[in-house]
Every structure is written in C-alpha cells, then in structure tokens.
Amino acid sequence: MDILSKQAYDDSWQALDLQLSLIEQRAGLAAALSALHEHQLQTGFIRDELKELRRFRFPHPNRPECFFSAQYNPARARRFRGAGIAQRAEPERAINSGCFLCGDNIWWQQHGTETGYRLRAVNNRYTAWMNPFPLVVGHAVLASREHIPQHWHSAGGPNLKELISDLIDIAALLPGWLNFYNGVGAGASIPYHLHLHAIPRADLYDKMPLEIAARNALGGNEDRIADTKTRGYPLSFAHWQGDPDSVRQQALAWAGEWLTGPGAEDDASANIIATQTGAKLDLYFVPRHQRRSRAEGLAGIVGGFEALGEIVCSSAQELENLESGRIDYFTVERMLKQVSVAL
Ligand SMILES: [Zn+2]
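Reading the values: the criteria
- Residues numbered from 1 in each chain as written.
- Predicted model: local features only at pLDDT ≥ 70, side-chain atom pairs only at ≥ 80, totals over all residues.
- Helix = DSSP H or I, 4+ residues; strand = E, 2+ residues; numbered from the N terminus.
- Rg over C-alpha atoms; globule rule 2.2 N^0.38 Å.
- Buried ≥ 20, exposed ≤ 12 C-beta atoms within 10 Å, placed from the backbone.
- Pairing = 2+ DSSP bridges.
- Contact = placed C-beta atoms within 7 Å.
- Axes fitted to C-alpha atoms, helices over the stretch in contact; angles between N-to-C directions.

S.K.: It is not clear to me how the overall build of the protein should be interpreted in this structure. Could you clarify?
M.R.: Within the protein, the secondary structure is distributed over 10 helices and 11 strands. A globule of 343 residues ought to have a C-alpha radius of gyration of about 20 Å, and the protein, at 20 Å, matches this closely. C-alpha atoms of the protein, sized along the principal axes, occupy 60 × 45 × 40 Å. Counting every position in the protein, which comprises 343 residues, the buried fraction comes to 43%.

In structure tokens form, the structure reads like this:
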C-alpha cells in the first residue's frame, strides 16, 4: 500500500472536499456521501462491504405485520479496536490519546486512506466519515470537528437540545435516511468524541419496528408524544411527527423538562433518532440508563439500531442461536425490555 505524506494527504483531501461540495450543491448531501463511499472503497479504507452479513427476520406469530430482525455481522466485533486498517503505532504524533475520530490522528492511523467530508451545514460542526464497520452499506459517522465528549453531562460535552436540533437539521439534508445519536452506555463505542450516525435506508429497512409501532399508535393524531403503554413496543420512547419546525419546538420544550427530571440523573442516557420523509419529520427519543446498556443473550451493547428493532450479532455463538431458532420475536422483545427506561 502506498503511504501518503501529510502534504499529499492534505492536498488530496482538499481536492476531494471541493468535488464533494459541488456534488452536494448539485444533487444533495446523500449524493456527496455516496461519492465519498466510492472514494473510500477505492483507497481501501472500507474493507468490509458486508459480504459476511446475514439477516434474520422474526415476525410475531399472530401479527405478521409486527416483527423484529437481526443481522449477523462478524466485522462489528472488531470495531472496538479502532478503524479498518491495522494502525501504525506513532505515539509521538497522537493527540487526545490517539482518538480515532480526531482528524489529526486519522491521517497517520489510516495510512492516508481515510478521508472525510466537511459538512458546511449544521453550523459547520461535523465531518462525515465512512464507518469502516457499517450496519448498512454507505453508513456514515458524523463526528464533531472538535474533540468534545459524547455525553451531554460531561464537561465540554454537547447540549442535549443542540444535539436534537442538529439531528433534525441532518435529517432534512438526508431525506429517508436514519440518523441517530447513541448516548454513553447506549451504544456509543467512542464516548470521548461526539459523533452521530447517518444510515441510508436500504429496501430491507423500508419501515423499522419502532417506526411501525409509532405509526400504529399515532392513529392519525400527529404532533403528540406517548410512551410504550400506548404503543405496544418493548422500549419506552417519545415520538413526534410533523413539520420539522413544530417537531423541533415541541421536542426541545419536552427535552428541557426531561432534563430537570429523569434526564438529570448522572447515568441518564438516550438514543435519539430522526428521519425525514418528504416534508414530514419523525423524531424518536428513547431514554436509556448507562448501567442498563446490555441485554442478556446479546454480546454487544443495545444502541440506536437495536432500539429501532434490529439486533446486531457478531459472535459465533449468536449465529448459532440465530440459525437454531433460539432467538425469535419474543427473545428480541425481552432483550429490548431489559434496557427500557421509563420516560
Ligand atoms: Zn477526538
């Protein structure tokens, strides 16, 4: 593999950034991220194109419209060790303890193969990187350009209301995509650097179980929130649907109150999901607790994708459980109930 010098890397980044910015202006952010994805395949940064992925679907035996799903994605087990390519050990170059999401580390860690796209929108705050361990092809991570912690309780961390607002803005830029924030102890694998996920919606993910539960419970009444008692979903969640401005207004007012109640606890965490279809935005807030991050029978932590209704499995034992039918609709339902926290 060729190793780029810092100067060559910076030059190639700048050229790509300009090209992607032109694509964004012409065809939108999704097209720019798709071009970034192609570029990252060519440089060899993305190696796992989900060839090993297998997907399982578990319909409810009596209500086939209700289902959960699972993906067996063995590459995900490697993600806590950092990004895709074996890293060079260069402690003299490392900033912020070699943080994998700090741009100044990424050049030397990834041999110059990993390049991002600096989003001008959303307050010029994020850089989009391709996830080397994607849940779906084209899975992007939007990391803050500044090295600030993931949790809103941490000193220097983001403000919860800003996070919600940023997700709403991102959803508008990526129509149809699933965009989410995983709090600390709620699926965030890098708690020391703020990042969000943006996932293109492949055909298999037309409507995810959380979205189906929310739609069924809404019954035509838009712009209201409710919890699992009225929705038949194993996780408590709040949901707003409507035009983005009114959803933003209602959700921020609600979050302000939540922060003075359950959200004030040190261990409070959340998965926050935003997705826009046409002019309509759906926003989901799933309260979580840092000491209830895992479910029995699932090796990984329950994050935003699991909250949406698809569990991510990566161990041989889990594959065996999936193939033998030991994991079914009710198993997944129990897993999600174990991490549910009242609103
Ligand atoms: Zn960092």
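S.K.: I'm lost on the sheet that holds strand β8 (residues 238-242) in this one. Help?
M.R.: Strand pairing in a sheet is mediated by backbone hydrogen bonds. Such pairs are either parallel or antiparallel. Pairing is antiparallel across the open sheet formed by eight strands, whose spatial order is β3-β4-β5-β7-β6-β9-β10-β8. Only two strands of the sheet have a single neighbouring strand rather than two, namely β3 (117-118) and β8. As judged from the four bridges shared by strand β5 (residues 140-144) and strand β7 (residues 195-199), these two strands associate in the antiparallel manner. Within β7, the residue paired with A143 across the bridge is H195. Sitting on the sheet, helix α7 (residues 244-260) touches β8, β9 (268-277) and β10 (280-289), and the angle it makes with β8 is about 155°.

S.K.: What's the story with the environment of E65 in this structure? I'm lost.
M.R.: Mapped onto the secondary structure, E65 falls in the loop between β1 (54-59) and β2 (67-72). Distance from E65 to I212, taken between C-alpha atoms, is 8.5 Å for residues 147 residues apart in sequence.

Spatial relationships are all this shows, so hold off on functional conclusions.
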